[in-house]
Amino acid sequence: MSGGSLSIALSGLNAAQTGLDTVSENISNANTPGYLKETASLANQQTPGDAIGNGVTVTGVVQSSNSFNRQLELSANGAQSYANQIQSLLTSAQASFNEPSSNGIAEQMNTLYNNFSALADTPTQASNYTQVVASAQNVATSINQAAANLSAVYGQASSSASTMVETINSQLQQVASINTQLASTSLTPGASNTLVDQQNQVIDKLASEIGVTSIPGTAGQTTLLIGGVSLVQGGQVSAIKLSTQSQTSPPSTSGLNSVVLESSPQTTVPVTGGTLGATLQVMNTNLPKYGVYLNTLATNLANQVNYQLAQGQASSSSSSAGTGIPLFVNALANTPGSSSNTPSTGTPPPYNAATLGVNQAIVKTPTLIAASGSPYAAGDGSNAQAIANQQTATDGAMAGWASSVASVGLDVQSATANASNATNTYNQAYTAEKSVSGVAVNSQLVNLVNYQQVYQAAAKVISTVAATLQSLIQDV
């Protein structure tokens, strides 16, 4: 009987010790990312046919989780990272325009039109021609710089995307490796829990980076999917790579970037979440759209000013009436007198924001600006005034640029609101998930006291049985 009592008491000691170890593990990892609260699972130990129990046994150390809450948290995590990255990149793109600013494109254009107005008032004053040329150069430089800035944002995004793909592939390998280890882990209570916690940490990062869907499997293993494309299944990994094409400066062509399987480049991985998904979205849609805004501005400004100049005549020109030469040219071509830079009765050539420049012939001789109407008349600044009037024209370059800047501002405003909403949604999902899997330290302290009392009670049984046996021995 004493043997049975001691055995029962010993099982109580072992169970209490496991419980104390579990509480200690929980408290020490209360703030560890990916950690799931553990609970010692105890069961009555009883021999079949024996009416009296034989103590308690530890059936396992169980991790607390809720698969539904977990999926909601992962989804919200990816959505939050996506929204934050969109906001960050669009804010950088907006800053590349330097608008509104005292030295931004809009202000430089205002100065140009104002100088044309001053030229119209006194077309015989040489300094007015020089001021027009200087302000035209400032406008072209501002547009060139905006194009370079936007290209830099695109380049940084592209570099970031490449780095993320390398990191993601490494993390996918980690998940597959943990899956393999979980499949071979012994059935010792809690033996696989540390691996599951490590796996959760990696999956949290992947959700944030690429928006994966995690499907739990047997023995703690997980399958990772994106839009139905499997990236990790068991110990097998389908690595990804970035598929890109060269972009112009400023970026103006949409949809040149995607993620494909490394082993099957024809299979596109539909990355629409996480930081990588946001980066691709901005590279494929927003930045090219903003590049088109800049190119449109360069084209409209050059075409409108050059067309009007072609209607007038300059005092120092030996050309016939109505053949004023262009002020804006393609600086890369550097052929201001060529047909590519000279407006005609046909469709005027497009201009690129990165290569917009000022006609070097006019820079050398500012009085070549056709300020006069056609035919030329001394003191006539009517053609310069016609250009100055473009400042307030509803279809002018100024109005178009204002609309473009406003569009970018609305994009940033919307992205900021979406980021705030996504953060709130994630916080709610995180709280709901942690209410099940998270460690409440106060509750663990209560469990600590309970297990200590169980341990003391079991120890008391052993000491009582030992004392009883000693007494019996002495009485024999």
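Refer to the preceding data block for the structure.
Residues numbered from 1 in each chain as written. Predicted model: local features only at pLDDT ≥ 70, side-chain atom pairs only at ≥ 80, totals over all residues. Heavy atoms only, no water.

Participant: So what's going on with the overall build of the protein? Residues and values would help.
Facilitator: Summing up its helical and strand segments, the protein has 10 helices and 10 strands in all. Over its C-alpha atoms, taken along the principal directions, the protein stretches across nearly 140 × 45 × 30 Å. Looking at the 476 residues of the protein, the share that counts as buried comes to 43%. Within the protein, counting contacts between residues at least 6 apart in sequence, those at least 24 apart form 71% of the total. Within the structure as shown, the protein displays about 22100 Å² of accessible surface, and the carbon and sulfur contribution to it stands at 53%. (Helix = DSSP H or I, 4+ residues; strand = E, 2+ residues; numbered from the N terminus. Buried < 20%, exposed > 50% of the residue type's maximum accessible area, 1.4 Å probe, protein only. Contact = heavy atoms within 4.5 Å. Areas by Shrake-Rupley, 256 points an atom, 1.4 Å probe, with all protein chains shown as cover.)

Participant: Tell me about the nonpolar core, and please be specific about residues and values.
Facilitator: Counting residues in hydrophobic clusters, the biggest one holds 58 residues, and the most contacted among them are Phe116 and Phe328. Broken down by secondary-structure element, the contributors of at least two residues to this core are α2 (67-97), α3 (105-121), α4 (126-184), α6 (274-310), β10 (356-358), α8 (382-388) and α9 (397-437). Formed by 27 residues, the second largest nonpolar core is a distinct cluster that contains Leu74, Ile168, Leu261 and Val271. (Core = buried A, V, L, I, M, F, W, Y, C linked by side-chain atoms within 4.5 Å.)

Participant: Can you break down the pairing of strand β3 (residues 213-216) residue by residue, with the values?
Facilitator: Summarising the sheet, β3 and strand β4 (residues 222-226) pair through four bridges and their orientation is antiparallel. Bridge pairing in β4 places Pro216 opposite Thr222. Between β3 and β4, which pair antiparallel in sequence order, lie five residues; one of them, Ala219, sits at a positive phi of approximately 55°. (Pairing = 2+ DSSP bridges.)

Participant: So, the side chain of Asn128: which residues are in play, and what are the values?
Facilitator: Relative to the helices and strands, Asn128 resides in helix α4. Excluding its chain neighbours within four sequence positions, the residues that come into contact with Asn128 are Ala118, Leu119 and Thr122.

Participant: Before we move on, can you summarise the packing of α2 against α9 with the specific residues and values?
Facilitator: Closest axis-to-axis distance for the α2/α9 pair is 7 Å, and the angle between their directions is 155°. Taken together, the axes of α2 and α9 are roughly antiparallel relative to one another. Judged by the sense of rotation from one axis to the other, the crossing of α2 with α9 is left-handed. Its residues placed into classes, the contact of α2 with α9 shows 18 nonpolar, 12 polar and four charged. (Axes fitted to C-alpha atoms, helices over the stretch in contact; angles between N-to-C directions. Parallel < 35°, antiparallel > 145°, perpendicular 65-115°, else oblique. Left-handed = near helix turned anticlockwise from the far one by under 90°. Nonpolar A, V, L, I, M, F, W, Y, C, P; charged D, E, K, R; others polar.)

Participant: Lay out the sheet that holds β4 in plain terms, naming residues and giving numbers.
Facilitator: Reading across the sheet, the four strands line up as β3-β4-β5-β6 and stay open at both edges, with antiparallel pairing between neighbours. Among the strands making up the open sheet, the edge pair consists of β3 and β6 (236-237). Sheet topology note: the β4/strand β5 (residues 229-233) ladder contains three bridges and is antiparallel. Note that in β5 the partner of Ile226 across the bridge is Val229.

Participant: Outline α6, supporting the account with residue identities and numerical values.
Facilitator: Along its 37 residues, α6 runs 52 Å from first to last C-alpha, staying within 8% of the 54 Å computed at 1.5 Å per residue. At Val282, α6 shows its largest bend, some 40°. Among the 37 residues of α6, 30 are classified as buried, and the element is accordingly described as predominantly covered. (Expected span 1.5 Å × (residues − 1). Bend = angle between axes of the 7 residues up to and from the residue.)

Participant: Report on the packing of aromatic side chains, specifying residues and quantitative values.
Facilitator: Following the criterion strictly, the structure yields four aromatic pairs and no others. Judged by centre distance (5.3 Å) and plane angle (65°), the ring pair of Phe97 and Trp401 falls under edge-to-face. Linking Phe97 in helix α2 with Trp401 in helix α9, this pair joins segments that are 304 residues apart in sequence. Summarising the burial analysis for this pair, Phe97 and Trp401 share the class buried. Each member of the aromatic cluster is reached from another via a ring pair, and the members are Phe97, Tyr290, Tyr293 and Trp401. (Phe/Tyr/Trp six-rings, centres within 6.5 Å; stacked < 30°, edge-to-face > 60°.)

Participant: For the environment of Glu209, give the residues involved together with the corresponding values.
Facilitator: Here Glu209 shows up in helix α5 (residues 193-210). What makes Glu209 buried here is its relative accessible area of 16%. A C-alpha to C-alpha distance of 4.7 Å links Glu209 and Thr275, two positions 66 residues apart in sequence. Setting aside residues no more than four positions away along its own chain, Glu209 makes contact with Thr167, Ile168, Gln171, Gly273, Gly274, Thr275, Leu276 and Gly277.

Participant: Requested: an account of α3, with residues and values cited.
Facilitator: Taking 1.5 Å of rise per residue, 17 residues should cover 24 Å, and α3 covers 25 Å from first to last C-alpha, within 8% of that figure. Where α3 is buried, its residues meet α4, α6, β9 (328-330), α8 and α9.

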